[in-house]
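Read off the chains here:
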Protein chains: 4
Amino acid sequence: MAKQDYRIGMIGYGFMGRAHSNAYVQANNFFDLKYRPVLKAICARDEAKAKAFADQWGYQSVETDWRKLVERKDIDAVDVCVPNNLHAEIALAAAANGKAILCEKPLAMNVAEGRKMVEAVEKAKVPNIVWYNYRRIPAVTLAKRLIEEGKLGKIFHYRAKFLQDWTIKSDLPQGGQGLWRLDLAAAGAGVSGDLLAHCIDTAIWLNGGLDTVSCMTETFVKERMHNLTGKVEKVGIDDACIFFGRFANGSLANFESTRYARGHKALYTFEINGENMSLGWDLHDLHRLQVFDYRDEGKIRGWKSVHVTDNSPDHPYMDKWWVPGLAVGYDCSFTHQVADFLDGLASGKPAGPTFRDALETQHVLDAILASAKDQKWVTVGKD
Amino acid sequence: MAKQDYRIGMIGYGFMGRAHSNAYVQANNFFDLKYRPVLKAICARDEAKAKAFADQWGYQSVETDWRKLVERKDIDAVDVCVPNNLHAEIALAAAANGKAILCEKPLAMNVAEGRKMVEAVEKAKVPNIVWYNYRRIPAVTLAKRLIEEGKLGKIFHYRAKFLQDWTIKSDLPQGGQGLWRLDLAAAGAGVSGDLLAHCIDTAIWLNGGLDTVSCMTETFVKERMHNLTGKVEKVGIDDACIFFGRFANGSLANFESTRYARGHKALYTFEINGENMSLGWDLHDLHRLQVFDYRDEGKIRGWKSVHVTDNSPDHPYMDKWWVPGLAVGYDCSFTHQVADFLDGLASGKPAGPTFRDALETQHVLDAILASAKDQKWVTVGKD
Amino acid sequence: MAKQDYRIGMIGYGFMGRAHSNAYVQANNFFDLKYRPVLKAICARDEAKAKAFADQWGYQSVETDWRKLVERKDIDAVDVCVPNNLHAEIALAAAANGKAILCEKPLAMNVAEGRKMVEAVEKAKVPNIVWYNYRRIPAVTLAKRLIEEGKLGKIFHYRAKFLQDWTIKSDLPQGGQGLWRLDLAAAGAGVSGDLLAHCIDTAIWLNGGLDTVSCMTETFVKERMHNLTGKVEKVGIDDACIFFGRFANGSLANFESTRYARGHKALYTFEINGENMSLGWDLHDLHRLQVFDYRDEGKIRGWKSVHVTDNSPDHPYMDKWWVPGLAVGYDCSFTHQVADFLDGLASGKPAGPTFRDALETQHVLDAILASAKDQKWVTVGKD
Amino acid sequence: MAKQDYRIGMIGYGFMGRAHSNAYVQANNFFDLKYRPVLKAICARDEAKAKAFADQWGYQSVETDWRKLVERKDIDAVDVCVPNNLHAEIALAAAANGKAILCEKPLAMNVAEGRKMVEAVEKAKVPNIVWYNYRRIPAVTLAKRLIEEGKLGKIFHYRAKFLQDWTIKSDLPQGGQGLWRLDLAAAGAGVSGDLLAHCIDTAIWLNGGLDTVSCMTETFVKERMHNLTGKVEKVGIDDACIFFGRFANGSLANFESTRYARGHKALYTFEINGENMSLGWDLHDLHRLQVFDYRDEGKIRGWKSVHVTDNSPDHPYMDKWWVPGLAVGYDCSFTHQVADFLDGLASGKPAGPTFRDALETQHVLDAILASAKDQKWVTVGKD
C-alpha cells in the first residue's frame with residue numbers, strides 16, 4: 001500500500017508532547033495505515049527548548065508563535081498539546097485554517113468554550129479528536145466489546161476513581177512549567193478536569209450518559225506560592241472531588257479523584273457491575289482486565305484476571321505487538337489513537353472521541369462543579 | 001486463676017446465633033479470662049428449633065418467650081440476636097431486669113429508639129456492648145493501633161464499601177426466616193443499616209466522627225413477594241446507598257453499599273489516606289492489612305501486604321492462636337469480642353462499642369437516610 | 001439423632017494439641033454427627049502443664065505417663081500429638097489396647113517404623129488416621145473434586161513449595177519445648193518431614209503416586225546450641241530440601257521446602273497444570289482456589305480467584321459455616337478432619353489418610369533423603 | 001550534542017526483528033545519546049518479505065544474502081536476529097569484517113560454538129552484546145541495584161521459572177517460520193535454550209555463577225509433523241526442564257521451564273531470598289518489584305509491591321519516560337539495551353552481557369542438558 005504523508009504540527013512539548021510524538025513515530029511501524037505521520041513542525045514560545053525537542057524527536061522545523069504554525073500550508077494536522085486555557089483559541093484558529101485537530105483533554109475550560117470549538121470544527125468540516133487516550137488501552141477496549149456484546153445484562157453500578165498523591169507537599173508551588181495543572185487560570189479546574197475528565201469520558205463511552213449528579217470538592221492546601229508571580233496566592237483548584245449520580249440507563253455512579261491519596265501514583269480504576277458480568281480495570285496494571293462471569297459454573301465462579309496480551313483478534317490491538325504474555329505500556333494508548341485516527345481518515349468513519357463527544361464530558365464537569373459550589377443535585381446539560 | 005461462670009441467655013438462633021455461640025465456647029479455650037461463659041438458655045418462638053439448637057450447641061435450657069428469659073435469675077447476660085425491630089423492646093426489658101446486654105447491630109431502628117436503649121442501660125448500670133465485630137479482626141485492630149501511634153499524620157480521605165450481590169434475583173422473596181433483612185418492617189432499612197452500619201462504626205472508631213453527609217439511595221427491585229403475607233408488595237428498603245461527607249478531622253468520606261454488585265460476596269473494604277501512611281483492608285482477605293509507608297526509602301516504597309498472623313504482641317490477638325502464617329477466620333472477631341467484653345467486666349474498663357458508642361453510628365444512619373430522602377446535605381446529630 | 005460419646009485421650013499439649021482440642025470442641029457444633037467427642041484425658045510429663053491445659057480446655061483428667069493413658073478403659077481414641085520419635089511406640093501400645101488412633105504427621109521416623117504401625121492398627125482393626133489436615137481446607141478439597149470430575153485432562157506438572165523463614169537466626173537453639181523440630185533425634189528430619197510431608201500427602205491425594213525422585217538438601221546453619229544438653233552441637237536436620245521427579249501419571253514434580261526464605265511465614269503453595277485446567281492454592285490465602293479454565297471463551301480467559309466461601313454444597317464443608325464471603329481459618333481443617341473421622345466411624349467408610357495412606361508419603365520421604373545423600377535418582381518404594 | 005549516525009544491518013525480521021527495530025527507533029527519542037541508530041539494511045532470504053519489512057520500519061535497503069550484508073562498508077553493526085543455528089557463522093563473518101554485533105540469545109548452540117564466537121569478537125575487538133533483554137526491565141535493574149547495595153545480606157535461595165502453555169496442542173507442527181523454536185536442528189534445544197537461558201542470564205547477573213547442577217527434562221509430545229519436510233518426525237527438543245543446584249555463593253537454585261503449564265503465557269518469575277531482604281519479580285506484571293524488607297518495623301512487615309514507575313533516578317531508566325504510575329511495556333527492555341549499548345560505545349565501558357558474559361550461561365545450558373541426559377550431578381564448566 002502506497003503511504004501518504006500526514007504532516008503534523010505540534011504545539012507544546014511537555015510530557016504529553018512526548019507521548020504524542022512517540023505515537024506518531026510508532027503508528028506505522030506497528031499498524032498498516034494509509035497515512036504516515038510526518039513530524040513537520042514543533043511550536044513553543046521558548047525557541048531553544050523547541051529546537052532541543054525537534055532535535056530529539058526529529059521534527060523538521062520549529063515555530064515560536066502558534067498562529068504562524070496553524071497558518072502553514074505544509075501542515076495537515078495541528079496537535080494542541082498546551083494548557084487547557086489555550087485549547088479553544090488555538091483550535092478555533094486551526095479550524096479556520098482548515099487543519100485537522102488533535103486536542104489534549106479536557107476539550108475546554110467549560111461547556112461554553114467547548115461548544116464554540118465543536119461548532120468551529122463542524123463548520124470547517126475538519127477531522128477532530130480529543131486525546132482521551134485510555135479508551136484505547138487494550139484491556140479497556142476489550143471491556144467496551146464485552147459490553148457491546150451484551151454480556152453484562154442490566155447495569156447496576158459504575159464506579160471510578162483516579163487517585164494520586166503528588167501534591168500533598170504544601171511547599172509545592174502552583175503555576176508555571178510542569179505545574180500549570182495547579183493553577184486555576186491555566187487549568188480551569190483541579191482533579192475534576194485533569195483526572196475525572198478521563199473517568200467520565202470512559203464511563204460515557206462504556207455506560208452511556210449521566211443524567212444527574214451531586215458533588216463535593218475540597219482544597220486541602222489553601223495557599224501556595226505561585227511560580228509565575230512569586231507570591232503566595234490562594235489555591236483555586238479542587239484538590240479532591242467526589243460525586244455520585246445516575247446514568248441514563250438507571251445505574252448508579254460513584255466517582256472520586258484526589259491528589260492526596262498517599263500511596264497511589266496514578267490509580268485510575270473503574271468497575272462496572274452488571275446483572276450477568278462485572279468488569280474492573282486499573283491503570284497501575286493496565287494490561288489486565290478483571291472479569292466476573294456469573295454464567296461460570298457455580299463452584300468455580302470467581303474474578304478472572306485476564307492478561308490482555310494475546311496476539312490475536314481476541315485482544316484489541318494486540319495482534320500488532322508481541323506474543324502472548326508480553327505487556328504493552330501506557331504509551332500504546334496514544335499509538336492506538338493515532339492509528340485509529342488515521343484509519344478514520346482513510347475510511348471516512350471518524351474515530352472518537354470527537355470534539356462533540358468530548359463536549360458531553362464537559363457538560364458533566366460543569367455540572368459537578370456547579371453541584372459542589374451550590375451543594376445540591378444538578379441535572380447534566382445536553383447539547 | 002479460678003474462673004467464674006458467666007451465664008448467657010441467647011435470644012435468636014440464626015447465623016448470628018451460631019457465630020456468638022461459637023465465640024462463647026472458644027473464648028476461654030484461647031484467652032485467659034476470669035469469667036467463663038456458660039450457655040444457660042436459648043430462646044426462640046419455635047420450640048423445636050430452639051431445642052435442636054440447644055442440642056447442637058449445648059445450651060442447658062430452652063425458652064420460647066423472651067420475656068421469661070430476661071427475667072430468669074440464673075442468667076447474667078442477654079444476647080439480643082433477633083431482627084432489628086425487636087432490639088429496643090428486649091434490651092429495655094433486659095436492662096430493667098439488671099442483665100448485661102450483648103446486642104446485635106445496628107443498635108436500633110433509629111436514633112430515637114437507640115437513645116432510649118442507651119438511657120436504659122446507663123440508668124440500670126448494666127454492662128452493654130453491640131456486636132460491631134469487625135473492630136476485632138486482628139488486621140483492623142492493627143490499623144487502629146497504627147492510627148493511635150500517630151503514624152498516619154494528617155488524614156485526607158476515608159473510603160469504605162460493603163458490596164454484595166445476593167439480591168439481584170428479582171424472584172427472591174422479602175421477609176421471613178433468613179430474609180427479614182429485605183423487609184423494611186423488620187430491618188428498618190436496607191444496606192444502610194445492615195452493611196454501612198459496620199463501615200460507619202469502624203470509621204468512627206478509626207477516624208472520629210462524621211459532621212455532614214450527603215447521600216443517595218436506590219431500590220432496584222421495586223416489588224417482591226412477601227414471605228409472611230404471600231403477596232407481592234412494594235420493597236421499602238434501600239438496595240444501594242452511597243454517601244460522601246466530612247469527618248470532624250477534615251478528611252473526606254466516600255461510602256457505598258449495595259447488594260447488586262455482581263461478583264462480590266461480602267466485600268467490606270476500607271482505605272484511609274494519611275499524610276505519611278495509608279492503610280487498606282478488605283473482608284475477603286481479612287487476615288491482611290495493606291500498608292503504604294511514605295517514610296520507606298524512596299526506591300522501594302510500595303504497598304505492603306502485611307499477613308497479620310504473627311503469634312506475638314505485634315499482631316493483636318494473634319499470640320493466642322497459632323503460629324506465623326496461619327490465618328484465623330471471620331469467626332475470630334466474635335471470640336475476640338467476647339474475650340474483650342469479659343476482660344472489661346473483670347477490669348472495670350468496659351469494652352466498646354457500648355450502646356452509647358453505637359448510638360453515634362445510629363445518628364449517621366439517620367442522617368444519610370434523611371439526606372437521601374430530601375436530596376440535600378444533612379448535619380449529623382450528636383447526643 | 002441421639003449422640004454417642006467418643007472419649008478422647010490426648011498425648012501432648014503443644015500448638016497441635018490446641019488445634020486438635022479446638023476441633024474436638026467445634027465438630028459437633030457445626031456438623032451433624034453421631035459421635036460427640038468428650039475430652040476425657042490429657043497426658044503430659046509435666047503435671048502442672050497438663051493440669052493447666054486441662055483447665056483451659058476442659059479435659060476431665062490428667063495423666064503424666066502415656067502408658068497409663070493408653071490402657072484406660074474410659075478412653076476410645078488416643079490422639080498422638082508428640083514429637084515424631086514417639087509416634088511409633090505410642091501407636092503400637094494404643095493399638096495393642098484396642099484404641100482408635102489419631103496420629104500427628106509425619107506418621108513415623110521412616111518407612112520401617114511406619115510399616116510396623118500400619119501392621120499394628122490393621123491387625124488390631126482399630127480406626128486410624130493421620131493429621132494431614134490440609135486435605136480438608138475447603139479450597140483444597142474443592143481442587144480434589146475438580147480433579148475427580150476429570151476437568152483437568154492429562155496432567156503435565158505438579159509443583160509444591162513450603163517456605164518459612166523462622167530459623168534464619170543462627171542463635172536459635174535446637175531441641176526442647178517448641179524447638180524439637182530442629183532436633184534430628186526428635187524430629188527424624190528437617191523441613192522434609194515437617195513441611196514437605198504435607199506437600200507430598202496432598203500431591204499423592206490429588207495427583208497419584210510418585211515413581212522416581214532426585215533430591216538435594218542443605219543445612220545452612222551447621223551448629224546450634226542444644227537446649228537439652230546446653231552444648232553447641234552439629235545440626236542434623238535439613239534446613240532446605242528440593243526435589244524433582246515423575247508421578248506415575250507421567251507428570252513432573254517440582255517440590256521445595258526451606259526455613260530460610262525471608263518473608264514467607266508458612267507459604268505452602270501448590271499448582272497443578274492439566275491440559276484443560278490448572279489449579280493453584282496457597283496457605284497464606286487458604287480460602288481461595290486459583291482456577292484457569294481453558295474452556296472459557298478465549299478473550300476472557302484468565303486465572304480465576306475463587307473465594308471458596310459459599311454456604312452451599314458447591315463449596316466443600318462451607319454449608320456448615322457462615323454466609324458467602326466470610327472466610328474460615330486454618331483451624332477449620334482440623335474440625336473438618338474430626339467431623340470426617342467421626343462420620344467414617346459411623347458409616348464404616350474410614351476417612352483418610354489412614355496409617356496405610358500415610359505410609360506412602362513416608363516412602364517418598366525416605367526416597368528423597370536417600371537421593372540427597374547419595375546424589376542420584378531413587379525409585380520410590382511401595383508397600 | 002551533535003549526534004553521530006550508527007548504521008544498523010539487521011538479519012532477520014521476525015518477532016525479535018520488530019522488537020529490535022522499535023528499540024533503534026525509540027532510543028534517541030527518549031535517551032540523550034551520542035550515537036543515533038540508522039536503519040541501513042534489512043536482510044532476509046525472502047526478498048518480498050524483506051522489502052515489506054523495510055517499508056514498514058523505514059530500512060533504507062534490502063539484502064537477501066547475509067554474507068553481502070556483513071561485508072557492506074556502510075554498516076557499523078550487525079544485528080543477528082535469526083534462528084540459533086545461524087548465530088555462530090554469521091557472528092564470525094561479521095567479526096571478521098570488523099562489525100559490531102548485537103546477537104539474539106542464546107549466544108550459540110553450545111559452549112564450543114560460543115567459545116569460537118567469543119574468540120572472534122575479542123580478537124577483532126568489535127563491540128558485542130547479546131539480547132538478554134530482561135536485565136533492563138526497570139524493576140529487574142532495580143533488583144540488581146538493591147543487591148549491589150548489599151541490602152539482601154547472605155543469600156539462601158534463588159528460584160526462577162519460565163512457564164508457557166502454547167505447545168500443548170499436539171497437532172502443532174515443528175519447524176519453519178514462527179515454529180523453528182520447536183525444531184532441534186534450528187533451535188539446538190527446547191525450553192532450556194529458549195526460556196531458561198533468560199532465567200540463567202538474570203540469575204548469574206544478580207546472584208553470581210552456578211557451580212553444580214542436577215537436571216531433568218521431558219518431551220511430552222513425542223512426534224510432530226515437520227513443517228519443512230511435511231513428515232511426522234520425532235521431537236528432539238525438551239518441552240520441560242527442571243534443575244536445581246548450587247551457586248558459588250552457597251545459595252540453592254531451583255529453576256523450571258515448560259511450555260505445558262496451562263494458563264501461563266510467558267510467566268518468567270524469579271525470587272531471591274536473602275538474610276535481610278527478599279525480592280521477587282514476574283514478567284506478567286513487569287513494572288512491579290516485590291520487596292520484603294526484614295528491617296521494617298515488625299508489626300508492619302510484609303511484601304511490598306513497588307510500582308517501578310517513578311520518573312526519578314530512584315527507578316532505573318524511568319526518568320526518561322512518563323510520570324509516576326504510568327507503566328512501560330516489554331518493549332522498553334530493548335530500547336534500554338540499545339541506549340546502554342550506545343552509551344557503552346561512547347564511554348568505552350561496554351554494556352553487558354557481552355559474548356563472554358553470555359558464554360557463562362551457555363556453560364550452564366550445556367551442563368543441565370548433560371545432567372538430564374546422564375541423570376547425574378554435573379559441574380558447570382568455566383572459561
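Residues numbered from 1 in each chain as written. Chains lettered and ligands numbered in written order. Predicted model: local features only at pLDDT ≥ 70, side-chain atom pairs only at ≥ 80, totals over all residues. Heavy atoms only, no water.

In terms of regular secondary structure, chain A is built from 10 helices and 17 strands. Taken over the C-alpha trace, chain A has a radius of gyration of 21 Å; the compact-globule value for 383 residues is 21 Å, and the two agree within 12%. For chain A, the C-alpha atoms occupy an extent of roughly 65 × 55 × 40 Å along the three principal directions. Counting across all 383 residues of chain A, residues that qualify as buried make up 67%. Summing over all exposed atoms, chain A offers an accessible surface of approximately 12,600 Å²; the carbon and sulfur share of this is 49%. (Helix = DSSP H or I, 4+ residues; strand = E, 2+ residues; numbered from the N terminus. Rg over C-alpha atoms; globule rule 2.2 N^0.38 Å. Buried < 20%, exposed > 50% of the residue type's maximum accessible area, 1.4 Å probe, protein only. Areas by Shrake-Rupley, 256 points an atom, 1.4 Å probe, with all protein chains shown as cover.)

All names here are of chain B. Here the amide bond leading from Gly352 into Pro353 is cis, since omega sits at -5°, within 30 degrees of zero. On the secondary structure map, Pro353 appears in the loop between α9 (332-347) and α10 (355-374). One non-glycine residue, Lys125, adopts positive backbone phi at about 55°. Considering the arrangement of structural elements, one finds Lys125 in the loop between α5 (111-124) and β6 (128-130).

To continue, consider the relation of the copies chain B and chain A. Superposing chain B onto chain A takes a rotation of 180° plus a shift of 0.0 Å along the axis, which leaves an RMSD of 0.0 Å. The transformation relating the two chain copies, once decomposed into turn and shift, fits a two-fold axis. If distances are taken from each C-alpha of chain B to the rotation axis, the shortest is found for Lys376(B), at 3.1 Å. Here 100% of the interface residues in chain B have copies in chain A that are interface residues too; the copies meet face to matching face. (Least-squares fit on C-alpha atoms with pLDDT ≥ 70 in both. Contact = heavy atoms within 4.5 Å.)

Take the confidence of the model for chain A next. On average, residues of chain A score 97 in pLDDT, and 100% of them are at 70 or above. For this predicted complex, the interface score ipTM comes out at 0.97, alongside a pTM of 0.98. (pLDDT = per-residue confidence, 0-100.)

All names here are of chain C. The parallel open sheet is built from 6 strands, whose spatial order is β3-β2-β1-β4-β5-β6. Only two strands of the sheet have a single neighbouring strand rather than two, namely β3 (61-63) and β6 (128-130). When the angles between neighbouring strand axes are averaged without regard to direction, this sheet yields 25°. Bridge analysis of strand β5 (residues 100-103) against β6 gives 3 bridges, and the strand direction is parallel. Its bridge partner lying in β6, Ile101 is registered against Asn128. In the packing of helix α1 (residues 15-30) onto the sheet, the strands contacted are β1 (4-11), β2 (35-43), β4 (77-80) and β5, and the crossing angle to β2 comes to about 155°. (Pairing = 2+ DSSP bridges. Axes fitted to C-alpha atoms, helices over the stretch in contact; angles between N-to-C directions.)

So, about empty space enclosed by the protein. Taken as a whole and assessed by the stated rule, the structure comprises 2 cavities of 30 Å³ or more. As a volume, the largest cavity reaches approximately 50 Å³. Taken together, Leu286(B), His287(B), Ala327(B), Val328(B), Gly329(B), Leu286(C), His287(C), Ala327(C), Val328(C) and Gly329(C) make up the full set of residues lining the largest cavity. A per-class count over the lining of the largest cavity returns 6 nonpolar, 4 polar and no charged. (1 Å grid on protein atoms, 1.4 Å probe; cavity = no way out; pocket = protein on both sides within 12 Å on 5 of 7 lines; lining within 4 Å. Points joined across faces, edges and corners; volume = space filled by probe spheres on them. Nonpolar A, V, L, I, M, F, W, Y, C, P; charged D, E, K, R; others polar.)

Another aspect to go through is the interface of chain B and chain A. Between chain B and chain A, the contact holds 41 residues from the first and 41 residues from the second. Buried area between chain B and chain A, summed over both chains or domains, comes out near 3,500 Å², and the portion from carbon and sulfur atoms is 59%. Area buried by chain B at its contact with chain A is led by Met216(B), Phe244(B) and Arg262(B), which between them contribute 21% of it. Applying the counting criterion to the chain B and chain A interface returns 4 salt bridges. Salt-bridge contacts for Glu218(B) lead to Arg246(A); the nearest nitrogen and oxygen are separated by 2.5 Å. Between the two partners, chain B and chain A, sit 21 residue pairs in polar contact (both at pLDDT 80 or more). Sorting the residues of the side of chain B that touches chain A by element identifies β7 (155-163), β8 (210-218), β11 (240-247), β12 (252-258), β13 (267-274) and β14 (277-282) of chain B as the ones contributing at least two each. Partitioned by chemical class, the residues of the side of chain B that touches chain A number 19 nonpolar, 14 polar and 8 charged. (Buried area = accessible area lost by both parts, 1.4 Å probe. Salt bridge = Lys/Arg side-chain N within 4 Å of Asp/Glu carboxyl O. Polar contact = N/O pair within 3.5 Å; in protein donor to acceptor, adjacent residues only side chain to side chain.)

What follows is about the environment of Leu228(D). Residue and element names in this part refer to chain D. By the secondary structure assignment, Leu228 is in the loop between β9 (223-225) and β10 (232-234). What makes Leu228 exposed here is its relative accessible area of 63%. As a C-alpha pair, Leu228 and Val38 span 190 residues in sequence and 35 Å in three-dimensional space.

This next bit is on the sheet that holds strand β6 (residues 128-130) of chain A. Residues and elements named next belong to chain A. Ordered in space as β3-β2-β1-β4-β5-β6, the 6 strands form an open sheet in which the pairing is parallel. At either end of the open sheet lies a strand with only one pairing partner, and these are β3 (61-63) and β6. Strand-to-strand, the axes of this sheet are offset by a mean angle of 25°, without reference to chain direction.

Turning our attention to α10(B). In an α-helix, one turn spans 3.6 residues, which is why side chains three or four residues apart end up on the same side. In this model α10(B) runs 28 Å from its N-terminal to its C-terminal C-alpha over 20 residues, within 8% of the 28 Å that 1.5 Å per residue would give. Buried within α10(B) we find Phe355(B), Ala358(B), Leu359(B), Thr361(B), Gln362(B), His363(B), Val364(B), Leu365(B), Ala367(B), Ile368(B), Ser371(B) and Ala372(B). (Expected span 1.5 Å × (residues − 1).)

This next bit is on the pairing of strand β7 (residues 155-163) of chain C. All names here are of chain C. Among the 9 residues of β7, 8 are classified as buried, and the element is accordingly described as predominantly covered. With 8 bridges connecting them, β7 and strand β13 (residues 267-274) associate as antiparallel partners. Bridging from a neighbouring strand, Phe162 pairs with Tyr268 of β13. In this structure, β7 lies alongside strand β12 (residues 252-258), joined through 7 bridges in parallel fashion. By the bridge assignment, Tyr158 is partnered in β12 with Ala253.

This next bit is on the pairing of strand β2 (residues 35-43) of chain D. All names here are of chain D. With 8 of 9 residues buried, β2 lies mostly within the body of the structure. Relative to β2, strand β1 (residues 4-11) runs parallel, the two sharing 8 bridges. Paired with Gln4 across the strands is Tyr35, a residue of β2. Note on the crossover from β1 through helix α1 (residues 15-30) to β2: the handedness is right-handed. With 3 bridges joining them, β2 and strand β3 (residues 61-63) adopt parallel strand pairing. Paired with Ala41 across the bridge in β3 is Ser61. The parallel pair β2 and β3, bridged by helix α2 (residues 47-57), forms a crossover whose chirality is right-handed. (Right-handed = clockwise from strand over helix to strand, strands pointing away.)

On to the packing of aromatic side chains, then. Applying the stated criterion to the full structure yields 138 aromatic pairs over all chains. Aromatic side chains Phe30(A) and Trp322(A) sit 5.5 Å apart centroid to centroid with 85° between the ring planes, which places their arrangement in the edge-to-face category. Remark: Trp322(A) occurs in the loop between β16 (303-307) and α9 (332-347) and Phe30(A) occurs in helix α1 (residues 15-30); sequence separation between them is 292 residues. The exposure classification of Phe30(A) matches that of Trp322(A), with both residues buried. The ring of Tyr294(D) has Arg262(C) sitting right over it, with the charged end atom 3.6 Å from the ring centre. (Phe/Tyr/Trp six-rings, centres within 6.5 Å; stacked < 30°, edge-to-face > 60°. Lys NZ or Arg CZ within 6 Å of the ring centre and 35° of its normal.)

This brings us to the interface of chain A and chain C. Listed as interface residues are 20 residues of chain A and, on the opposing side, 20 residues of chain C. Contact between chain A and chain C buries roughly 1,600 Å² in total, counting both sides, with carbon and sulfur atoms accounting for 53%. Sorting the residues of chain A by area buried against chain C places Lys299(A), Ile300(A) and Lys304(A) first, and these three jointly supply 44% of that buried surface. If you look at where chain A meets chain C, you find 6 salt bridges.

Rotating chain A by 180° and translating it 0.0 Å along the rotation axis places it on chain C, where the RMSD comes to 0.0 Å. Mapped onto chain C, 100% of the interface residues of chain A again fall at the interface, so both copies present the same surface.

For the coordinates displayed, the defined rule picks out 0 disulfides over all chains. No disulfide involves Cys215(A); its nearest neighbouring cysteine sulfur is the one of Cys241(A), lying 3.5 Å away. (Disulfide = S-S within 2.5 Å.)

Let's shift gears to the side chain of Ser371(A). All names here are of chain A. Mapped onto the elements, Ser371 comes out in helix α10 (residues 355-374). Taking the relative accessible area as the measure of exposure, Ser371 reaches 0% and is therefore buried. Among all residues touching Ser371, those that are not within four sequence positions of it are Val213, Ser214, Cys215, Lys376 and Val378.

Our focus in this paragraph is the packing of helix α1 (residues 15-30) of chain B against α9(B). Residue and element names in this part refer to chain B. Put simply, α1 and α9 touch, their axes get as near as 8 Å, and they point 55° apart. Considering the angle they form, α1 stands oblique to α9. Like other packed secondary-structure pairs, α1 and α9 cross with a definite hand, here right-handed. Only Phe334, Thr335, Val338, Ala339 and Leu342 of α9 make contact with α1, whose side of the interface consists of Met16, Ala19, His20, Asn22, Ala23, Tyr24, Gln26, Ala27 and Asn28. Looking at side-chain class alone, the contact of α1 with α9 contains 9 nonpolar, 5 polar and no charged residues. (Parallel < 35°, antiparallel > 145°, perpendicular 65-115°, else oblique. Left-handed = near helix turned anticlockwise from the far one by under 90°.)

Now for the nonpolar core. By size, the foremost hydrophobic cluster in this structure holds 242 residues, and its most contacted members are Phe255(B), Trp281(B), Phe255(C) and Trp281(C). For Phe255(C), the contacting residues outside a window of four places in its chain are Tyr158(C), Ala160(C), Leu196(C), Cys199(C), Ile200(C), Ala203(C), Cys241(C), Ile242(C), Phe243(C) and Phe247(C). One finds Val121(A), Ala160(A), Leu33(D) and Trp281(D) within the second-largest nonpolar core, a separate group that totals 239 residues. (Core = buried A, V, L, I, M, F, W, Y, C linked by side-chain atoms within 4.5 Å.)

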